[in-house]
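# Coordinate analysis (summary)
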Amino acid sequence: MTDVAGVEQRWAAYFRWGPYGMLAAGTVLSAATVDEVGMSTAERYTTVALVGAAVVLQLWWGRWSRGRPLAPSVPGACYYFLRWALAFALSWCNPFFAFYGSAGFVGPERLLRGRPLMAGLVATAVILASSQAGGLPLHGPLDWALFGGLMCFYIVLLIVFGQLAGREEERTRIQTATITELERTNAALQQALDENAALHAQLLVQAREAGVADERRRLAAEIHDTIAQGLTGIIAQLQVVVNTPDADLARAHVVRATDLARHSLGEARRSVHNLAPVALADAGLPEALKKTVAEWGERTGVRAEFTVTGTDEQLHEEIAATLLRIVQEALSNTARHAAADRVGVTLSFLGDEVILDIRDDGRGFDPLAVPERTGSGGFGLDGMRARAERVAGSLTVESEPGHGTAVSARVPLVRHD
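About the thresholds
Residues numbered from 1 in each chain as written. Predicted model: local features only at pLDDT ≥ 70, side-chain atom pairs only at ≥ 80, totals over all residues. Heavy atoms only, no water. Buried < 20%, exposed > 50% of the residue type's maximum accessible area, 1.4 Å probe, protein only. Helix = DSSP H or I, 4+ residues; strand = E, 2+ residues; numbered from the N terminus. Pairing = 2+ DSSP bridges. Right-handed = clockwise from strand over helix to strand, strands pointing away. Contact = heavy atoms within 4.5 Å. Core = buried A, V, L, I, M, F, W, Y, C linked by side-chain atoms within 4.5 Å. Patch = residues over 30% accessible without salt bridge, like charges linked within 9 Å, V, L, I, M, F, W, Y side chains within 5 Å. Areas by Shrake-Rupley, 256 points an atom, 1.4 Å probe, with all protein chains shown as cover. Salt bridge = Lys/Arg side-chain N within 4 Å of Asp/Glu carboxyl O. Axes fitted to C-alpha atoms, helices over the stretch in contact; angles between N-to-C directions. Parallel < 35°, antiparallel > 145°, perpendicular 65-115°, else oblique. Left-handed = near helix turned anticlockwise from the far one by under 90°. pLDDT = per-residue confidence, 0-100. Phe/Tyr/Trp six-rings, centres within 6.5 Å; stacked < 30°, edge-to-face > 60°. Expected span 1.5 Å × (residues − 1). Arc of directions from axis to C-beta.

## Remarks on the pairing of strand β2 (residues 342–350)
Looking along a regular strand, one sees the side chains alternate between the two faces of the sheet. Burial analysis of β2 places seven of its nine residues in the buried class, which makes it a mostly covered element. Alignment of strand β1 (residues 303–309) against β2, held across seven bridges, turns out to be parallel. Following the sheet pairing, Ala304 is matched in β2 by Val343. Taken together, β1, helix α10 (residues 317–338) and β2 form a β-α-β motif whose crossover is left-handed. Pairing of β2 with strand β3 (residues 353–360), which is carried by eight bridges, proceeds in the antiparallel orientation.

This is the structure in structure tokens:
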């Protein structure tokens, strides 16, 4: 942009001062050749008047064009052809004023366009050709022949340079359009970058909030599945102690309550640190499930069986913890609501997925009539389903009043690293 501005400034300086120099050169040469050219007294006075008129015209043009961009306009066309008329009249008086007339060949496209431009160039060529042919008026066939040859030469030059100028103008137009398009594209790109930066910041905030909410849900589910269930078991054991006169039986239930309290404390600590459940600390998922089912059956007095099908795989900690928590929640729900006599838990390894089934022969329920979870009602089916979906799995529940309940969780088989 700086180079373009510099070029425009130089063109403006030429149009303001260049014609003065050319007029001065023509005047000096004409004054030096007055006698050789044979200028009459009338021609001399006419020349002085025309030179004065040319100076006045140039002063007007410099004042009018100051601060205006150089572009074809009506005042510019008037200035060009008035200058040509003065140069033609001066060259009629003395051929050396063709120096002033040659100004019409310099930058005419900044004053004229289209047919006026071509007319101005041809008219300027007339001044130069006639001066080189001996001056106006022409005398004899030789002068006219020389004039005609020079005009043909200038016209050919005008055609050639006109085509070159046209190509250059087209190239400049394409470059200008390309630069404009690039500027528009850059502006749009910058706007997109600004919008992306704002969106990125917004996503970071949302991700942070989602992480906080997810961590809260995780801790709430962990507390529900560990401490809440453990306290429920402790309460059940202590109620037996309160209601039995048998000291040995009471002592046995107190021992169970103590074990449950220690187990719940360990689960609470591990939940806070987001570690694997206690049952998985020293054993794989099948062993942990077998122990969990057996302890639940012993604690509730319900016949509980655990079965493994397929080839046992060492699962990823998150997958194993999810399945164990689902079993714990399902058994807790069975103990509270089902009044079942028998419960079966099956862990199946099938190719690229693991299926966990928990079935009971309890009173059952209508899955469509399950009330929404309340603040004190635990997590239940919603919590189990959320756990399964968190590891890209799913959970289905089949139940009917009087015909028991079947809970099935399907999760991808992700092996331990």
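So, next bit.
## Side note on the environment of Ala125
Tracing the chain through its elements places Ala125 in helix α6 (residues 115–132). Ala125 gets classed as buried once you look at its relative accessible area, which sits at 0%. With 27 residues separating them in the primary sequence, Ala125 and Cys152 have C-alpha atoms 9.6 Å apart. Excluding residues within four positions of it along the chain, Ala125 makes contact with Phe105, Met151 and Tyr154.

## Re the nonpolar core
The biggest cluster of nonpolar side chains holds 36 residues, and the ones touching the most others in it are Leu285, Leu315, Leu323, Leu347, Leu356 and Ile358. Tallying contributions element by element places α10 first for this core, with ten residues. In this structure Ile358 touches Ile326, Val327, Ala330, Val343, Gly344, Val345, Thr405, Ala406 and Val407, once residues within four positions along its chain are discounted. Counting 35 residues, the second-largest nonpolar core is a separate cluster that includes Tyr14, Met22, Trp61 and Phe97.

## Description of a nonpolar patch on the surface
Judged by side-chain polarity, Leu29, Val37, Phe96 and Phe99 come together as a nonpolar surface patch covering roughly 300 Å² of accessible area. Position of Phe99 relative to the elements: it lies in helix α5 (residues 98–101). For Phe99, a relative accessible area of 41% gives the class partly exposed.

## Focus on the sheet that holds strand β5 (residues 405–412)
Pairing within the open sheet is mixed, and its five strands lie in the order β1-β2-β3-β5-β4. Sheet topology places β1 and β4 (394–399) at the edges, where each strand pairs with a single neighbour. Going from strand to strand, the sheet's axes swing by 10° on average, the running direction of each strand aside. Where β3 and β5 come together, eight bridges link them in antiparallel fashion. Within the sheet, the bridge partner assigned to Ile358 lies in β5 and is Val407. Sitting on the sheet, α10 is in contact with β2, β3, β4 and β5, with an inclination near 10° to β3.

## Considering the environment of Val240
Tracing the chain through its elements places Val240 in helix α7 (residues 140–243). Measuring from C-alpha to C-alpha, the distance between Val240 and His253 comes to 7.1 Å, with 13 residues separating the pair along the chain.

## Quick notes on the packing of helix α4 (residues 74–93) against α6
Contact geometry for α4 and α6: axes closest at 10 Å, N-to-C directions at 15°. In terms of orientation, α4 lies roughly parallel with respect to α6. Note on packing geometry: the crossing formed by α4 with α6 is left-handed. Contacts between α4 and α6 involve Tyr80, Phe81, Trp84, Ala87, Phe88 and Ser91 from the former and Pro116, Gly120, Leu121, Ala123, Thr124, Val126, Ile127 and Ser131 from the latter.

## Points about the confidence of the model for the protein
Looking at the protein, the pLDDT average stands at 82 and 85% of residues meet or exceed 70. A low-confidence stretch, residues 374–378 (pLDDT under 50), is modelled with two contacts involving residues beyond four sequence positions or located in other chains.

## Some thoughts on the packing of aromatic side chains
Within this structure, the stated rule accounts for eleven aromatic pairs. Summarising the aromatic geometry, the rings of Trp60 and Trp61 are spaced 6.2 Å apart at their centres and angled 50° between planes, so their arrangement reads as tilted. Given the relative accessible area of 39%, Trp60 is considered partly exposed. In this structure Trp61 comes out as buried when scored by relative accessible area, which is 2%. Members of the aromatic cluster, joined through ring pairs, are Trp60, Trp61, Trp64 and Tyr79.

## Digging into unusual backbone geometry
Of note, the phi angle at Ala339 is positive, near 55°, even though the residue is not glycine. Counting through the fold element by element, Ala339 comes out in the loop between α10 and β2.

## Observations regarding the pattern of salt bridges
Enumeration according to the criterion identifies eight salt bridges in this entry. When the shortest N-O distance is used, the salt bridge between Glu170 and Arg173 registers 2.5 Å. Placement of the pair is Glu170 and Arg173 together in helix α7, with a separation of three residues, close to one helical turn. For Arg173, a relative accessible area of 47% puts it in the partly exposed group. Note that Arg410 is salt-bridged to Glu353, the shortest N-O span being 2.5 Å. Placement of Arg410 in strand β5 and of Glu353 in strand β3 is noted, with a sequence separation of 57 residues between them. Taken together, the shared-partner salt bridges connect Arg303, Glu305 and Arg342 into one network.

## Description of α10
Helix length check: α10 (22 residues) gives 30 Å between terminal C-alpha atoms against 32 Å at 1.5 Å per residue, within 8%. With 17 of its 22 residues buried, α10 lies for the most part within the structure. Downstream of α10 by one or two residues, Ala339 has phi in the positive range, about 55°.

## Quick word on helix α9 (residues 285–300)
Between its first and last C-alpha atoms α9 spans 22 Å; for 16 residues at 1.5 Å apiece the expected length is 22 Å, and the two agree. Of all the positions in α9, only Leu285, Pro286, Ala288, Leu289, Thr292, Val293, Trp296 and Gly297 are classed as buried. Down the axis of α9, the buried set is contained in an arc of 160°. They therefore lie on one face. Turned more than 90 degrees off the buried face of α9, the exposed positions are Lys290, Lys291 and Glu298. Gly301, located one to two residues past α9, shows a positive phi value of around 80°.

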